[in-house]
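# Notes for the structure review
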Amino acid sequence: MKRRDVLGALLAVAASSTLPLSAVAQQAAPRRLPWRNWSGSQHCLPEARLAPASVDELRSLVRSAHTVRPVGAGHSFSALVPTDGTIVSLSRLSGIVAHDTDSLQATVWAGTRLGDIGAPLEQAGQALLNMPDIDEQTLAGCLSTATHGTGAGIGCMSTFVRGLQLVDGRGNVIDCDADNHPDVYNAARVSLGALGIITQVRLQNTAPYRLRRETRWRSFDEIMETAEASADRHRNFEFYYIPFSGMGFTDSHDLTDEPLGSTEKIDQNEGAEDLKTIRDLLERVPKLRQLLLGSYLRILDDEVSVESSWKNYASERNVRFNEMEYHLPREHGLTALREIRQVLEKDFPEVFFPIEFRYVKGDDIWLSPFHGRDTCSIAVHRYFDEDYAPYFAAIEPIFRKYHGRPHWGKLNTLDRQALRALYPDWDRFAAVRRELDPQGRFLNTYLRSLFG
Ligand SMILES: Cc1cc2nc3c(=O)[nH]c(=O)nc-3n(C[C@H](O)[C@H](O)[C@H](O)COP(=O)(O)OP(=O)(O)OC[C@H]3O[C@@H](n4cnc5c(N)ncnc54)[C@H](O)[C@@H]3O)c2cc1C
């Protein structure tokens, strides 16, 4: 793709994600606004794109629409959002509704972006227990796909929920928690936007805390030997392997009261561009590629930064990609990673994006991929305008062999039968779904194939 084409594509994505939705839908009635996800791999031409300003507006919208798909920040790679019906954003229902000092709980509008939660929550004397790699996503979007950070002792973000409110497919408002509508509560905390439109979420938080983040460059073998112990030792621990280098880096976060500050940091977006350039030049000479990359990465300095927790989890991801991530029982994670590295370096010299490896604690939420087991999450990526299918098709069987469950927001090829076999509570979720959305208003083509 030419530089100007890339710019054009990025501008189109930016335009489609920043326009005031309801205003546009009302003023320019028949003109349809296309929708695309972050990577550009999912797109559609919906009948309308709306952003209600109140729960009442949302209720009447749901009652009058044929198909409604809620959207957050459009950062999912799977086909959860596309519809030719109505796309609804809660971008106007954002911010903190209330907080309780004793319980350290806060009720937050579901359309709030993660990056907009940290500062007001800190002012209220609270902080999120953990965060993912980026903070662009909305709270509801994160919960709907079981978005996670890393930390062997910390669950995915849905486990922070203590209660939530949603508008179901009949336009009814339901408030649920462990005692009120417990089945809805168990289903809704990870629900793919298939159960109802979540409007508010009550989160269990913690007191504000400071994190020391340490990034260290090490050989693949050393990382593999020490990963399990590091995962148990650090509050948060993850690592990346750089293909065709024999090298990777570990990222750990621990509580600290050290003064705020940071060593010089590598720009990870520039790093990704450099890996692409090296791939372009040396794709056909793997030995030279390994020599050059390995020698370069070995001399990089470790990085340390001390920051308020909410400023020290997320990075900016400006180099777009498509992604497949599976969650495997923890005991299989490292074995699976070795096999993935072998397949990648034998058959896919065109791949340059790192493999990401994280730890997540098990939970009891019906459709959580972490249900009933502590987990290692392994993610593979391909540059956004390159064909991801052959690489992902070669890696997915390894994930499957080790009983992996796919990230709901990332690419995978599992159908209803395969997914149902992975989730003991699948039928209970489906029953609650039918009850709350008897007319199937929330089902697009993909979700109909799973629950229709
Ligand atoms: C660069 C990048 C980095 C990422 N990093 C991580 C990471 O570190 N960890 C991780 O686990 N994932 C990660 N993801 C995946 C991402 O967190 C999930 O796909 C998440 O669901 C995206 O949130 P969103 O707000 O963009 O929601 P969308 O992608 O817009 O929607 C996701 C789902 O939420 C539903 N939804 C949205 N709003 C509502 C609502 N109000 N009520 C009900 N349903 C709703 C949608 O219908 C859809 O089913 C990353 C993705 C990208 C592109």
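Residues numbered from 1 in each chain as written. Predicted model: local features only at pLDDT ≥ 70, side-chain atom pairs only at ≥ 80, totals over all residues.

### Quick look at the overall build of the chain
A tally of helices and strands in the chain yields 14 helices and 19 strands. Judged by the C-alpha coordinates and their principal axes, the chain covers about 60 × 50 × 40 Å. Every one of the 452 residues in the chain was classed for burial, and the buried ones make up 45%. When contacts within the chain are restricted to residue pairs at least 6 apart in sequence, long-range pairs at least 24 apart make up 72% of them. (Helix = DSSP H or I, 4+ residues; strand = E, 2+ residues; numbered from the N terminus. Buried ≥ 20, exposed ≤ 12 C-beta atoms within 10 Å, placed from the backbone. Contact = placed C-beta atoms within 7 Å.)

### Details of the pairing of strand 12 (residues 236–242)
With six of its seven residues buried, strand 12 lies for the most part within the structure. Bridge count for strand 12 against strand 13 (residues 247–255) is seven bridges, and the pairing is antiparallel. Of the residues in strand 13, the one forming a bridge with Phe239 is Thr250. Taking the residues between adjacent antiparallel strands as the criterion, strand 12 and strand 13 are bridged by four residues, where Phe244 takes a positive phi near 60°. For strand 12 and strand 17 (residues 355–360), the ladder comprises four bridges, and the chain directions are antiparallel. Residue pairing in the sheet places Glu238 in a bridge with Arg358 of strand 17. (Pairing = 2+ DSSP bridges.)

### Describing the site of the ligand
Lining the immediate surroundings of the ligand are 32 residues, of which Gly72, Pro132, Gly141, Gly193 and Gly409 lie closest. No other element matches helix 5 (residues 139–144), which puts four residues into the shell around the ligand. A breakdown of the residues in the shell around the ligand according to their chemical character gives 15 nonpolar, 14 polar and three charged. (Near = placed C-beta within 6 Å. Nonpolar A, V, L, I, M, F, W, Y, C, P; charged D, E, K, R; others polar.)

### Comments concerning the confidence of the model for the chain
When pLDDT is averaged along the chain, the result is 93, and 93% of the positions lie at 70 or above. In the model, residues 1–28 has pLDDT below 50 throughout and makes 23 contacts with residues more than four positions away in sequence or in other chains. (pLDDT = per-residue confidence, 0-100.)

### Here we look at unusual backbone geometry
Positive phi outside glycine occurs at Ala146, with the angle close to 60°. Position of Ala146 relative to the elements: it lies in the loop between helix 5 and strand 8 (161–168). Here Ala146 falls in the buried class, since 28 other C-beta atoms lie within 10 Å of it. At His403, a residue that is not glycine, the phi angle is positive and equals roughly 60°. Within the secondary structure, His403 is located in the loop between helix 11 (389–401) and strand 19 (405–406).

### What about the sheet that holds strand 4 (residues 68–71)?
Overall, parallel pairing links the three strands, which are arranged 3-5-4 in an open sheet. The strands lining the two open edges of the sheet, one partner per strand, are strand 3 (48–50) and strand 4. Taking the axes of each pair of neighbouring strands and ignoring which way they run, one obtains an average angle of 25° across the sheet. Relative to strand 5 (residues 86–89), strand 4 runs parallel, the two being bridged by four bridges. In the sheet register, Val68 faces strand 5, and the bridge partner there is Thr86. (Axes fitted to C-alpha atoms, helices over the stretch in contact; angles between N-to-C directions.)

### Comments concerning the pairing of strand 5
Burial along strand 5 is two-sided: the face carrying Thr86 and Val88 and the face carrying Ile87 and Ser89 are both buried. Sheet topology note: the strand 3/strand 5 ladder contains three bridges and is parallel. Counterpart to Arg49 in the pairing with strand 5 is Ile87.

### Points about the environment of Ala53
If you trace the backbone, Ala53 turns up in the loop between strand 3 and helix 3 (55–64). Note on Ala53: 12 C-beta atoms within 10 Å, which makes it exposed. Separated by 38 residues in sequence, Ala53 and Ser91 have C-alpha atoms that sit 8.6 Å apart.

### Here's the deal with the sheet that holds strand 19
Across the sheet, which stays open at both edges, the nine strands sit in the order 14-15-11-13-12-17-18-16-19 with antiparallel pairing between neighbours. What marks the edges here is a single partner per strand, and that holds for strand 14 (261–262) and strand 19. Summarising the sheet, strand 11 (residues 210–219) and strand 15 (residues 303–308) pair through six bridges and their orientation is antiparallel. Along strand 15, the bridge assignment pairs Glu214 with Val304. Where helix 7 (residues 220–233) meets the sheet, it contacts strand 11, strand 12, strand 13 and strand 17, and its direction lies at approximately 20° from that of strand 13.

### Quick look at the domain arrangement of the chain
As far as domains go, the chain holds domain 1 (3–87), domain 2 (96–207) and domain 3 (210–406). When each unit is reduced to the centre of its C-alpha atoms, the spacing between domain 2 and domain 3 is 26 Å. Contacts between the two partners involve 26 residues from domain 2, matched on the other side by 27 residues from domain 3. Sorting the residues of the side of domain 2 that touches domain 3 by element identifies helix 4 (118–123) and helix 6 (182–188) as the ones contributing at least two each. For the side of domain 2 that touches domain 3, the residue count by class is 10 nonpolar, 12 polar and four charged. (Domains from an automatic or database assignment.)

### Some details on the environment of Asn412
Tracing the backbone shows Asn412 in the loop between strand 19 and helix 12 (416–422). A tally of 21 C-beta atoms within 10 Å means that Asn412 is categorised as buried. Taking the C-alpha atoms as reference points, Asn412 and Pro120, 292 residues apart in sequence, are found 36 Å from one another.

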